[in-house]
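Each chain is listed here by its residues.
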Amino acid sequence: STMAKHHPDLIMCRKMPGIAIGRLCEKCDGKCVICDSHVRPATLVRVCDECNYGTNEGRCVICGGVGVSDAYYCKGCTLLEKDRDGCPKIINLGAARTDLFYERKKYGFKPRDG
């Protein structure tokens, strides 16, 4: 199961979607969860019950941030039936994110408090 075009190493959940509606955070708002397109949102994203359980409830499908809006598949992905591939929630961090973590650690960047 390939993922977002610019992050080929991200893995999607792909389990059978339930009734829960996928959400997007402010940063990812308006993106198609498959191809990152910002045009013609068409089909509402549904995630599986596992991906919407506990602390994950209402979280951003793409990055796991706090969800502010509903997630949609764009018209193109809907036509190609990519909305039928199962739950689109990203379940791993991906190399870019892990690299960033270790890069920060190496240089001793600490989150500033207030």
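Since the structure is predicted, the reported quantities are computational estimates derived from the model, not experimental observations. The numbering scheme is per chain: residues are counted from 1 as the chain's sequence reads. Selection of residues for local features in this predicted model requires a pLDDT of at least 70, selection of side-chain atom pairs for listing and counting requires 80 or more, and totals for whole chains, interfaces and linings are taken over all residues. Water and hydrogen atoms play no part in the side-chain values, which are based on all heavy atoms of the structure.

In this section: empty space enclosed by the protein. Space inside and on the surface of the protein is sampled on a 1 Å grid over the protein atoms alone, with a cavity defined as a set of points where a 1.4 Å probe fits but cannot get out and a pocket as an open set with protein on both sides within 12 Å along at least 5 of 7 lines; lining residues have an atom within 4 Å of a point. Grid points are joined across faces, edges and corners, and a volume is the space filled by probe spheres set on the points. The final tally for this structure, using the stated rule, is one cavity of 30 Å³ or more. Estimated volume of the largest cavity: approximately 50 Å³. What lines the largest cavity is simply Ile21, Gly22, Arg23, Val47, Cys51, Asn52, Asn56, Gly58, Arg59, Val61 and Lys89. Each residue gets one label: Ala, Val, Leu, Ile, Met, Phe, Trp, Tyr, Cys and Pro are nonpolar, Asp, Glu, Lys and Arg are charged, and the others, such as Gly, are polar. When the residues that make up the lining of the largest cavity are grouped by side-chain class, the tally is four nonpolar, four polar and three charged.

Definition used for salt bridges: Asp or Glu carboxyl oxygen within 4 Å of a side-chain nitrogen of Lys or Arg. In total, this model carries three salt bridges according to the counting rule given. Measuring nitrogen to oxygen at the nearest pair gives 3.2 Å for the salt bridge that ties Lys15 to Glu50. Here Lys15 is found in the segment before strand E1 (23-24), whereas its partner Glu50 is found in the loop between strand E2 (41-44) and strand E3 (69-70), with 35 residues between them in sequence. The class for Lys15 is partly exposed, based on a relative accessible area of 39%. We note a salt bridge from Glu81 to Arg84, for which the minimum N-O separation is 3.9 Å. For every residue, the accessible area (1.4 Å probe, protein chains only) is compared with the maximum for its type, and the residue is labelled buried under 20%, exposed over 50%, or partly exposed between those bounds. Residue classification places Arg84 among the exposed residues on the basis of a relative accessible area of 60%. Secondary structure elements are defined from DSSP: runs of H or I of at least 4 residues count as helices, runs of E of at least 2 residues count as strands, and each element is numbered from the N terminus.

On to the layout of surface pockets, then. The computed volume of the second largest pocket comes to approximately 160 Å³. Lining of the second largest pocket is provided by Leu93, Arg97, Thr98, Leu100, Phe101, Tyr102, Arg104 and Lys105.

A helix is expected to span 1.5 Å for every residue after the first. For helix H2 (residues 95-107), spanning 13 residues, the distance from its first C-alpha to its last is 18 Å, which sits close to the expected 18 Å at 1.5 Å a residue. Phi turns positive one or two residues past the end of H2, at Gly108, with a value near 70 degrees.

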